[in-house]
Amino acid sequence: MSDELDLSRDTSVSDEHTIRILEEKIRAMQIETESLRKELNYYKSEMEKLLSPPLIEAVVLDVLEDGRLIVKSTSGPNLVVNVSDNVDFSSIKVGKYVALNQRGSAVVEVLRDREDPLVRSMEVIERPNVKYSEIGGLDQQIQEVREVIELPLKKPDLFKELGIIPPKGILLYGPPGTGKTMLAKAVASESNASFIHVVASEFAQKFVGEGARVVRDVFELARKKAPSIVFIDEIDAIGAKRIDLGTSGEREVQRTLMQLLAEIDGFQPLDNVKIIAATNRIDILDPALLRPGRFDRLIEIPLPNIEGRKQILKIYLQKMKIDASVNIDELALITEGFSGADVKNLCTEAGYIAIREDSKIIKMAHFRLAMERLRTKKLSKDVIDRGEKYV
Ligand SMILES: Nc1ncnc2c1ncn2[C@@H]1O[C@H](COP(=O)(O)OP(=O)(O)OP(=O)(O)O)[C@@H](O)[C@H]1O
């Protein structure tokens, strides 16, 4: 009896063992099946991608009452199309980019929003609001800019009568933060002209293959918005002398520059579009830019001298609540080497220190503290910013 029992126990032990092994095998095979299924799906979707025809990009021009859309396809004509049931109709709006099936008969996907590169690359101010009186220490430069930009824009007939040809473009050069942008904005503001601000380094970096087109678009816009001033900041990014045109990036920059020169050459001196460029690297500019009829008037915007710094300080201090201890002469003296932007920072920093101290008025002590902080920051930054750049 006991032997039988023992035998059955042995049998059941070995059965249990077999079952466990089989269960493990089943689990392993299930895992493998799952992984093979995933792999199969992956290859299927890859096949679909490779075999699916390309879609057509289009922009929605109108949504019709019957649910169809008028779209402009990038490949050509305006089309009236249906919307596939898989597309969320509520996400469709005029101006949205969509994908059409290959026949161009239906919208099959709504694409992600994206900005026009042109819009990304520039700022258009219809009427900037900067006055000459807000700029300190640049009286002579303001006078010159008024004569060569403002006056021809306002009184072209006077120039015609006298037979004087004003420059089409001027170049402002000098260290960063000295007021070049401010001066360009002020002349647009005081000439009642639109201000179109483009940063040349953005052309070069962002619009590979599109730089020349963006330049064309900028000038087309300038003509539409005339009288207008096109302000090209950091012109050295596209206007530097190039020795080696080996890389495609270099050739692209060169094409952008050629387009800019062609646009400038296309204007007449008394047209109501003027071009102001700015750089702090005049030393590296391509001489083609500085030829007569292009940027042939160079105006230096230097760091302010002591008198200039005094003027800039007055401009900012008159807006602040300061006590009698604040000595403008002393501040002008100790800010030697500061740009206009640095002087403004000093005033702002002194204001913040006063706020942190809960003071209701800004005192000379706050300026001294601000000075110490800025000097430390400035010393290291100057080496990078100005050191070898400005000549
Ligand atoms: N001469 C100045 N008078 C008054 N404020 C100034 C002057 N220069 C600079 N600032 C102040 O500094 C800010 C920056 O100056 P701005 O952008 O005009 O300098 P920039 O010469 O164009 O510099 P960057 O070369 O870096 O573009 C101005 O918005 C203004 O607040």
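Residues numbered from 1 in each chain as written. Predicted model: local features only at pLDDT ≥ 70, side-chain atom pairs only at ≥ 80, totals over all residues. Heavy atoms only, no water.

## Some remarks on the pattern of salt bridges
- Per the stated rule, a full pass over the model turns up 13 salt bridges.
- R297 is the salt-bridge partner of E144, the closest N and O atoms lying 3.0 Å from each other. With E144 in helix α3 (residues 139–154) and R297 in strand β11 (residues 295–300), the pair connects residues that are 153 residues apart, well separated along the chain.
- With relative accessibility at 30%, the residue R297 sits in the partly exposed group.
- Between E150 and R146 there is a salt bridge, with the nearest N and O atoms lying 3.1 Å from each other. Of the two residues, E150 and R146 are both situated in helix α3; the distance of four residues between them amounts to about one turn of the helix.
- R146 gets classed as partly exposed once you look at its relative accessible area, which sits at 36%.
- Bridged by salt links that share partners, the residues R146, E150 and K154 form one connected network. (Salt bridge = Lys/Arg side-chain N within 4 Å of Asp/Glu carboxyl O. Helix = DSSP H or I, 4+ residues; strand = E, 2+ residues; numbered from the N terminus. Buried < 20%, exposed > 50% of the residue type's maximum accessible area, 1.4 Å probe, protein only.)

## Quick word on the side chain of Q141
- By the secondary structure assignment, Q141 is in helix α3.
- Within the structure, the side chain of Q141 is placed 3.0 Å from the backbone oxygen of E300, a separation counted as a polar contact.
- Filtering out sequence-adjacent residues up to four positions away, Q141 remains in contact with L183, I299, E300, I301 and P302. (Polar contact = N/O pair within 3.5 Å; in protein donor to acceptor, adjacent residues only side chain to side chain. Contact = heavy atoms within 4.5 Å.)

## Focus: the side chain of K274
- With respect to the helices and strands, the residue K274 is situated in strand β10 (residues 273–279).
- Among buried charged residues, K274 stands out as having no salt bridge; its nearest opposite-charge side chain is D271, 8.3 Å away.
- A distance of 3.3 Å separates a polar atom in the side chain of K274 from the backbone oxygen of P167.
- The residues contacting K274, other than those within four sequence positions of it, are I149, P152, L153, P166, P167, K168, S228, I229, V230 and P269. (Lys, Arg positive; Asp, Glu negative; His and termini not counted.)

## Re the environment of E123
- Assignment of secondary structure puts E123 in strand β6 (residues 122–125).
- Residue E123 is classed as partly exposed on the basis of its relative accessible area of 36%.
- Distance from E123 to F231, taken between C-alpha atoms, is 9.8 Å for residues 108 residues apart in sequence.
- With residues up to four places along the chain from it excluded, the contact list for E123 reads F195, I196 and H197.

## Some words on the site of the ligand
- Taken together, the neighbourhood of the ligand is formed by 17 residues, with G136, G177, K180, T181 and Y316 sitting nearest.
- Between the ligand and T178, the relevant distance is 3.1 Å, taken from an oxygen atom to a main-chain nitrogen or oxygen of the residue.
- Protein contacts shield 78% of the accessible area of the ligand, which totals 630 Å² for the unbound molecule.
- Elements that contribute at least two residues to the shell around the ligand include exactly α5 (180–190), α10 (306–317) and α12 (340–356).
- If you count residues domain by domain, the shell around the ligand takes at least three from each of domain 3 (119–300) and domain 4 (306–385). (Near = heavy atom within 4 Å. Areas by Shrake-Rupley, 256 points an atom, 1.4 Å probe, with all protein chains shown as cover. Domains from an automatic or database assignment.)

## Remarks on the packing of aromatic side chains
- The tally for this structure, following the rule as stated, stands at three aromatic pairs.
- Ring geometry for Y42 versus Y43: centroids 5.2 Å apart, planes at 70 degrees, classification edge-to-face. (Phe/Tyr/Trp six-rings, centres within 6.5 Å; stacked < 30°, edge-to-face > 60°.)

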